[in-house]
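Below, each chain spelled out in residue letters.
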Amino acid sequence: MARNKNPEETVNLILDVALRLFMEKGYEHTSIQDIIDNLGGLSKGAIYHHFKSKEDILVAVTDMMTAESNQILADIRDSTGLNGKEKLKAIFKASVNRPVNDDIFNVAPNFNNNPRLFFSFLHETVYEAAPYYILPIIKQGIADGSIKTDYPGQLAELIIVIANIWMNPMVFDNTKEELYGKFMLFKQMMQGFGLDIIDNEILDRMIELASVYQNKK
């Protein structure tokens, strides 16, 4: 039986095969056995040595797909030429416009059928993405006067939970009209904080991504 002596190569092979199958068949219709059958002789044990479940493979595939674009978000967070408010707008635009989004929405699962995945996504949103990307920007905005709040941590969580969860078509199966309503309310909320950071370009891109997800179902 074929065996890859390099663990990193084995992981990369599993992720490459899984990504191809998720793109071709969809996450829901790809089984662990499908992945095994395309590994060129590697055993089921080779998968379970590195990943506990198909859900863990999907998380790793998504991390692999977003690694480069996440660096772009970090660069915006750390840039010196923008104030906090400007960075917040820039990071929103970069988030929805990253080229890999179409592929992510193509391989995305139905979170209603995967509560474990949904909890993992929610946990990552609140406890990793909010403090890593959004909170430092809000704190800078408070320091430079472009953002006004007495609750920076809570505001960071509110913003990213609304953007990543509440307005996410992978979580809520909204029509374009419903998504538009959510977007407009979010825009009004941000304006209430003095943050005019959401525009029609972002809305149009969100509707495009929702269509990608709907079409692949």
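In the block above lies the structure referred to throughout.
These lines cover the structure that appears in this document, whether it is placed above or below. (Residues numbered from 1 in each chain as written. Predicted model: local features only at pLDDT ≥ 70, side-chain atom pairs only at ≥ 80, totals over all residues. Heavy atoms only, no water.)

1. Topic: the overall build of the protein
Piece 1. Scanning the protein from N- to C-terminus turns up 10 helices and 0 strands.
Piece 2. Counting from the amino terminus, helix and strand elements in the protein follow one another as α-α-α-α-α-α-α-α-α-α.
Piece 3. Each principal axis of the C-alpha distribution contributes one length, and for the protein these read about 65 × 35 × 25 Å.
Piece 4. Here the protein holds 217 residues, and the buried ones make up 44% of them.
Piece 5. With an accessible surface of roughly 11400 Å², the protein has 53% of that area assigned to carbon and sulfur atoms.
Piece 6. Computing the positive centroid from 22 side-chain charges and the negative centroid from 29, the protein places the two 2 Å apart. (Helix = DSSP H or I, 4+ residues; strand = E, 2+ residues; numbered from the N terminus. Buried < 20%, exposed > 50% of the residue type's maximum accessible area, 1.4 Å probe, protein only. Areas by Shrake-Rupley, 256 points an atom, 1.4 Å probe, with all protein chains shown as cover. Lys, Arg positive; Asp, Glu negative; His and termini not counted. Charge placed at Lys NZ, Arg CZ, Asp CG, Glu CD.)

2. Comments concerning the side chain of Ser146
Piece 1. For Ser146, the location among the structural elements is in the loop between helix H7 (115–144) and helix H8 (152–166).
Piece 2. On the accessibility criterion, Ser146 (15% relative accessible area) is buried.
Piece 3. At a separation of 2.6 Å, a polar atom in the side chain of Ser146 contacts the side chain of Asp144.
Piece 4. Filtering out sequence-adjacent residues up to four positions away, Ser146 remains in contact with Asn83, Gly84, Lys85, Gly141 and Leu195. (Polar contact = N/O pair within 3.5 Å; in protein donor to acceptor, adjacent residues only side chain to side chain. Contact = heavy atoms within 4.5 Å.)

3. Comments concerning the packing of aromatic side chains
The way to describe two aromatic rings as a pair is by their centre distance and the angle between their planes.
Piece 1. Counted by the stated rule, this structure contains 5 aromatic pairs.
Piece 2. Judged by centre distance (6.1 Å) and plane angle (65°), the rings of Phe111 and Phe118 are edge-to-face.
Piece 3. Overall, the relative accessible area of 10% leaves Phe111 in the buried class.
Piece 4. Owing to a relative accessible area of 26%, Phe118 belongs among the partly exposed residues under this scheme.
Piece 5. Taking 5.4 Å as the distance between ring centres and 10° as the angle between the ring planes, the aromatic pair formed by Phe111 and Phe121 counts as stacked. One end of the pair, Phe111, is in the loop between helix H6 (101–107) and H7; the other, Phe121, is in helix H7, and 10 residues separate them in sequence.
Piece 6. Aromatic rings pair up to connect Phe111, Phe118 and Phe121 into one cluster.
Piece 7. Over the ring of Tyr27 we find Lys54; its NZ or CZ atom is 4.2 Å from the centre of that ring.
Piece 8. Directly above the aromatic system of Tyr132 lies the positively charged group of Arg77, at a separation of 4.4 Å from the ring centroid. (Phe/Tyr/Trp six-rings, centres within 6.5 Å; stacked < 30°, edge-to-face > 60°. Lys NZ or Arg CZ within 6 Å of the ring centre and 35° of its normal.)

4. Looking at H7
Piece 1. If you check H7, its first and last C-alpha atoms are 41 Å apart, about what 30 residues at 1.5 Å a residue would give, namely 44 Å.
Piece 2. Remark: the principal bend of H7, roughly 60°, maps to Ala130, with a proline, Pro131, within the next four residues.
Piece 3. Considered for burial, the residues of H7 that qualify are Leu117, Phe121, Thr125, Val126, Ala129, Ala130, Tyr133, Ile134, Leu135, Ile137, Ile138 and Gly141.
Piece 4. Looking at the buried side of H7, the elements it contacts are helix H4 (54–78), helix H5 (84–97) and H8.
Piece 5. Within two residues after H7, Gly145 carries a phi angle of roughly 90°, on the positive side. (Expected span 1.5 Å × (residues − 1). Bend = angle between axes of the 7 residues up to and from the residue.)

5. Quick look at the environment of Asp34
Piece 1. The residue Asp34 is located in helix H2 (residues 32–37) in this model.
Piece 2. Sequence separation of Asp34 and Phe119 is 85 residues, and the distance between their C-alpha atoms is 25 Å.
Piece 3. Contacts of Asp34, omitting those with residues within four sequence positions, involve Leu21, Lys25 and His29.

Purely geometric stuff here, so don't read any function into it on its own.
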